[in-house]
Amino acid sequence: SGPDFDYGLGDGPGTSLWIDNLDDSAGLLQMFKPWFEDERFLKVWHNYGFDRHVMWNEGIDCLGFGGDTMHMARLQDTGRSKYGQGRGYSLEALTDELLGRRKKPMKEIFGVPRLRKDGTAGSLVDLPAIEDMQRKPEFRSNWIAYSAYDAEGTWLIRRKLQELLEEMPWKHGENLYYYYFKYLREFGE
């Protein structure tokens, strides 16, 4: 929705709207189905293939593909591959590199040290079940912040990548963002 959007909840523009879809809230996501399935509203994703699969499992056929920041990042710099000198195209790597606001990995936020036989904390870290991180009071506020940052980070990366791609010439006076949006974007869907 972006930094100028106001959900009308009294917090003003630029805030996040987090939707719980577990337990008593199961099915709440369906209220947003008309928006997700309306191709007039372009939606930008990070790793759209994964998110589309998750949404499809919820009975939502996402339309209005506005882009995928992972694909945009590959076009902007193919040298990010983890197999070369880069750090890859993950949301964590891109938020750090492009925004200076690294998305912390789940284990760093929610990890629980595995106990040794003597009862002391070991060096191995286990991740609680996703449902526990969303339900349990000791994790919940961090879970909301973590999951909301996925959306915010994706928005900010898209904006930054658009700027960078617009600075890269293509042909006939056009730039690489034009090329991405006009020609490559449709292959992401």
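Scroll up a little and you will see the structure.
In this text the structure is predicted, and so the values were computed from the model without any measurement. (Residues numbered from 1 in each chain as written. Predicted model: local features only at pLDDT ≥ 70, side-chain atom pairs only at ≥ 80, totals over all residues. Heavy atoms only, no water.)

> Please clarify how the pairing of strand β3 (residues 112-115) should be interpreted in this entry.
The two faces of the sheet receive side chains in turn, since in a regular strand these alternate between them. The pairing of β3 with strand β4 (residues 121-126) spans 3 bridges and is antiparallel. Paired with Leu115 across the bridge in β4 is Ala121. Connecting the antiparallel pair β3 and β4 is a turn made up of 5 residues, with Gly119 showing a positive phi of about 90 degrees. (Pairing = 2+ DSSP bridges. Helix = DSSP H or I, 4+ residues; strand = E, 2+ residues; numbered from the N terminus.)

> Quick question: what am I supposed to make of the nonpolar core here?
Among soluble globular proteins, nonpolar side chains are generally buried collectively. If you look at the biggest cluster of nonpolar residues, it comprises 22 residues, and the most contacted ones within it are Phe36, Trp45, Met55, Cys62 and Leu161. Counting residues per element, this core draws most heavily on helix α7 (residues 137-166), at 4 residues. Ignoring any residue separated from it by four or fewer positions in sequence, one finds Leu161 in contact with Thr69, Met72, Ala73, Gln76 and Leu98. The next biggest cluster of nonpolar side chains, apart from the first, holds 6 residues, and it includes Met106, Met133, Phe139 and Trp143. (Core = buried A, V, L, I, M, F, W, Y, C linked by side-chain atoms within 4.5 Å. Buried < 20%, exposed > 50% of the residue type's maximum accessible area, 1.4 Å probe, protein only. Contact = heavy atoms within 4.5 Å.)

> What's the story with unusual backbone geometry in this structure? I'm lost.
Where the residue is not glycine, phi is negative for most of them; where a peptide bond is considered, it is trans in most cases. One non-glycine residue, Asn47, lies in the positive phi region at around 65 degrees. Among the residues examined, Asn47 registers a relative accessible area of 34% and is labelled partly exposed. Phi is positive for His172, which is not a glycine, with a value near 55 degrees. Along the polypeptide, His172 turns up in the loop between α7 and α8 (176-188). Of the residues examined, His172 reaches a relative accessible area of 73% and is grouped as exposed.

> Sorry, what's going on with the environment of Gln30 here?
Position of Gln30 relative to the elements: it lies in the segment before α1 (33-36). Gln30 sits 25 residues away from Phe5 along the chain, and the two C-alpha atoms are 21 Å apart. With residues up to four places along the chain from it excluded, the contact list for Gln30 reads Glu58 and Ile60. Among the polar contacts listed, one links the side chain of Gln30 to the backbone oxygen of Glu58, at a separation of 2.5 Å. (Polar contact = N/O pair within 3.5 Å; in protein donor to acceptor, adjacent residues only side chain to side chain.)

> What is the right way to look at the pattern of salt bridges in this model?
Side chains that differ in sign of charge can pair as their charged atoms come close. Considering all chains together, one arrives at 12 salt bridges under this definition. Among the ionic pairs, Glu92 bridges to Arg102, the shortest N-O distance being 3.1 Å. One end of the pair, Glu92, is in helix α4 (residues 91-99); the other, Arg102, is in the loop between α4 and α5 (106-110), and 10 residues separate them in sequence. Look at Arg102 and you get partly exposed, because its relative accessible area is 31%. (Salt bridge = Lys/Arg side-chain N within 4 Å of Asp/Glu carboxyl O.)

> Would you mind going over the side chain of Asp68 with me for this structure?
Structurally, Asp68 can be placed in strand β2 (residues 65-68). Buried within the structure, Asp68 lacks any salt-bridge partner; its nearest side chain of opposite charge belongs to Arg74, at an N-O separation of 6.9 Å. Among the polar contacts listed, one links the side chain of Asp68 to the backbone nitrogen of Met70, at a separation of 2.8 Å. For Asp68, the residues in contact, after removing those within four places along its chain, are Trp45, His46, Asn47, Tyr48 and Tyr180. (Lys, Arg positive; Asp, Glu negative; His and termini not counted.)

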